[in-house]
Amino acid sequence: MKLNLIPCSFASLVPMVAMVAPAVAAEGWMTDLPAALAKAAAENKHVLVDFTGSDWCSACIMLHRNVLDTPDFRAYTADKFVLVEVDLPQRKSFDAALRKKNEAIAARYGIAGYPTILVLNPQGKVLGGFQDGNKTVKESIELLENARVADALLRRAAMQSGTERARTLYRVYLSFPDSKGFAAPREALRNEIMKADPQNVTGIHEAAAVQEQAKRFLAQRAPLAINSPAMGKLLEQQLREALPANRPEVMLERCHYALATAETLEDIDAAHKLFLEVIPLLPADKAKQIKEFVDTYFTVPEALLKMLKASRPG
């Protein structure tokens, strides 16, 4: 269990937001995914699916206000996408049958957080998308264009074989979203490339080894308390075993452990140094988030230590 000090920008609850959230899907948004897929097939379009919590998810509401409901975004999608809203609100008045259907759709696509935007082909295959409500119109359009390019490459790959097909699929893989909500389709694509590339000309087998190790490391940590001695021993073991690509994530977990077990100002200083060591090794977005956390909380070490101790059970 990870120490929950770094806020998640992914989704959050906002009290009383139900009073201002829309009660029905906005104009132009369908709520029936099978019908939308059929419409996309007939009109030669893609399907954009918005998985949302319209009356509780502040990030979802922000994404609609800043992106999905803007004239520029709607103009861009008009001739390219069929829009579908899969809403899972908290209000009891929401249609029970539609809620059941939406829950099944979210489960089918392994939705791990809200908002999640999926781009599907008319057969329902995931082509791309994004998670996170903190997007601009420009950023969102770029990500949707990546998905449309991926579809064109997948169509090309369907007419290819051997190494040529593997290289085309690998181009899709490199641009495919790597956030948690896209893990299943990304892994399926990876496995398809591996079968087409037994000689490993794309390097996909190394990527698979990194991902499988990361998955194993996560499973090993899952049952352990973040402040337990067993977690400390496991993290040291994982640091010794980690492939280079996985080492920064294990180092970050070690930072969380250092905070969770800090008892003195010297411990806080040691944790600070661990964070400073790992920040340059992280992807840009995560590095920025962690740096903001460090700059905020480590400014007054005494206050941080007091907060940490107060947050511990017992």
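Residues numbered from 1 in each chain as written. Predicted model: local features only at pLDDT ≥ 70, side-chain atom pairs only at ≥ 80, totals over all residues. Heavy atoms only, no water.

K.L.:
How should unusual backbone geometry be read in this particular structure?
P.N.:
Negative phi is the rule for most residues except glycine; trans is the rule for most peptide bonds. Cis peptide bonds are those with omega within 30 degrees of zero, and the linkage from Y114 to P115 qualifies with 0°. The topology assignment puts P115 in the loop between α4 (96-108) and β3 (116-120). You will see that D132, though not glycine, has its phi angle at about 125°, which is positive. Secondary-structure assignment places D132 in the loop between β4 (126-131) and α5 (137-157). Overall, D132 belongs to the buried group, its relative accessible area being 16%. In this structure, N200 takes a positive phi of about 60° despite not being glycine. With respect to the helices and strands, the residue N200 is situated in the loop between α7 (183-196) and α8 (204-221). (Helix = DSSP H or I, 4+ residues; strand = E, 2+ residues; numbered from the N terminus. Buried < 20%, exposed > 50% of the residue type's maximum accessible area, 1.4 Å probe, protein only.)

K.L.:
In this structure, what is going on with the pattern of salt bridges? I would like to understand it.
P.N.:
Applying the stated rule across the entire model yields 21 salt bridges. The closest approach of N and O atoms between R190 and E187, which form a salt bridge, is 4.0 Å. Note that R190 and E187 are positioned in helix α7 at a spacing of three residues, about one turn of the helix. A salt bridge links R312 to E263, with the nearest nitrogen and oxygen atoms 3.3 Å apart. Placement of the pair is R312 in the segment after α13 (301-311) and E263 in the loop between α10 (247-260) and α11 (265-278), with a sequence separation of 49 residues. (Salt bridge = Lys/Arg side-chain N within 4 Å of Asp/Glu carboxyl O.)

K.L.:
Would you mind going over α11 with me for this structure?
P.N.:
Taking 1.5 Å of rise per residue, 14 residues should cover 20 Å, and α11 covers 20 Å from first to last C-alpha, within 8% of that figure. Within α11, the full set of buried residues consists of I268, A271, L274, F275 and V278. One face of α11 carries all of its buried residues, which in axial projection span an arc of 115°. Turned more than 90 degrees away from the buried face of α11, the exposed residues are E266 and K273. On the buried face of α11, the contacting elements are α10, α12 (284-297) and α13. (Expected span 1.5 Å × (residues − 1). Arc of directions from axis to C-beta. Contact = heavy atoms within 4.5 Å.)

K.L.:
I tried to follow α8 on my own but got confused; where do I start?
P.N.:
Each α-helix turn comprises 3.6 residues. Residues three or four places apart therefore point the same way. Here α8 contains 18 residues, and its C-alpha end-to-end distance of 26 Å stays within 8% of the 26 Å for a straight helix at 1.5 Å per residue. The set of residues buried in α8 consists of I204, A207, A208, Q213, F217 and R221.

K.L.:
Honestly, the packing of aromatic side chains in this entry has me stumped. Any pointers?
P.N.:
Here a ring pair, both rings aromatic, is described through the centre-centre distance and the interplanar angle of the planes. Inspection of the entire model under this criterion finds nine aromatic pairs. Ring centres 6.0 Å apart and planes at 15° place the aromatic pair Y170 and Y173 in the stacked group. Of this pair, Y170 and Y173 both sit in helix α6 (residues 162-175), three residues apart, roughly one helical turn. Overall, the relative accessible area of 3% leaves Y173 in the buried class. Ring geometry for F293 against Y297: centres 4.9 Å apart, planes inclined by 40°, an arrangement best described as tilted. With F293 and Y297 both in helix α12 and four residues apart, this pair spans about one turn of that helix. (Phe/Tyr/Trp six-rings, centres within 6.5 Å; stacked < 30°, edge-to-face > 60°.)

K.L.:
Can you help me understand the side chain of D50 in this one?
P.N.:
With respect to the helices, strands and loops of the structure, D50 is situated in strand β1 (residues 46-52). Among buried charged residues, D50 stands out as having no salt bridge; its nearest opposite-charge side chain is R74, 9.8 Å away. Within polar-contact distance, the side chain of D50 engages the side chain of H64 at 2.6 Å. Non-local contacts of D50, meaning those with residues more than four positions away in its chain, are made with W29, H64, L68, V84, E85, V86, P115, T116 and I117. (Lys, Arg positive; Asp, Glu negative; His and termini not counted. Polar contact = N/O pair within 3.5 Å; in protein donor to acceptor, adjacent residues only side chain to side chain.)

K.L.:
Explanation requested: the state of the cysteines in the structure shown.
P.N.:
By definition, a disulfide links the sulfur atoms of two cysteines through a covalent bond. In the structure shown here, the tally under the stated rule is one disulfide. Across the disulfide, C57 is cross-linked to C60 (sulfur-sulfur distance 2.4 Å). On the sign convention where negative is left-handed, the bridge of C57 and C60, at about 80° about the S-S bond, is right-handed. C60 shares its class with C57; the two are buried. (Disulfide = S-S within 2.5 Å.)

K.L.:
Just checking my understanding: could you explain the pairing of β1 for this structure?
P.N.:
Each regular strand carries side chains that alternate between the two faces of the sheet. Among the seven residues of β1, seven are classified as buried, and the element is accordingly described as predominantly covered. Across the two faces of β1 the burial is the same, with H46, L48, D50 and T52 and V47, V49 and F51 all buried. For β1 and strand β2 (residues 81-87), the ladder comprises seven bridges, and the chain directions are parallel. Its bridge partner lying in β2, V47 is registered against V82. (Pairing = 2+ DSSP bridges.)

K.L.:
Please explain the packing of α11 against α12 as it appears in this structure.
P.N.:
When two helices pack together, their arrangement is given by the angle between their axes and by how far apart the axes lie. Two elements in contact, α11 and α12, have axes whose closest approach is 10 Å; the angle formed by their N-to-C orientations is 155°. Between α11 and α12, the interaxial angle falls into the category roughly antiparallel. At the point where α11 passes α12, the crossing takes the left-handed sense. In this structure, α11 uses H272, F275 and L276 to contact α12, whose residues at the interface are I290, F293 and V294. The residue makeup of the contact of α11 with α12, split by class, is five nonpolar, one polar and no charged. (Axes fitted to C-alpha atoms, helices over the stretch in contact; angles between N-to-C directions. Parallel < 35°, antiparallel > 145°, perpendicular 65-115°, else oblique. Left-handed = near helix turned anticlockwise from the far one by under 90°. Nonpolar A, V, L, I, M, F, W, Y, C, P; charged D, E, K, R; others polar.)

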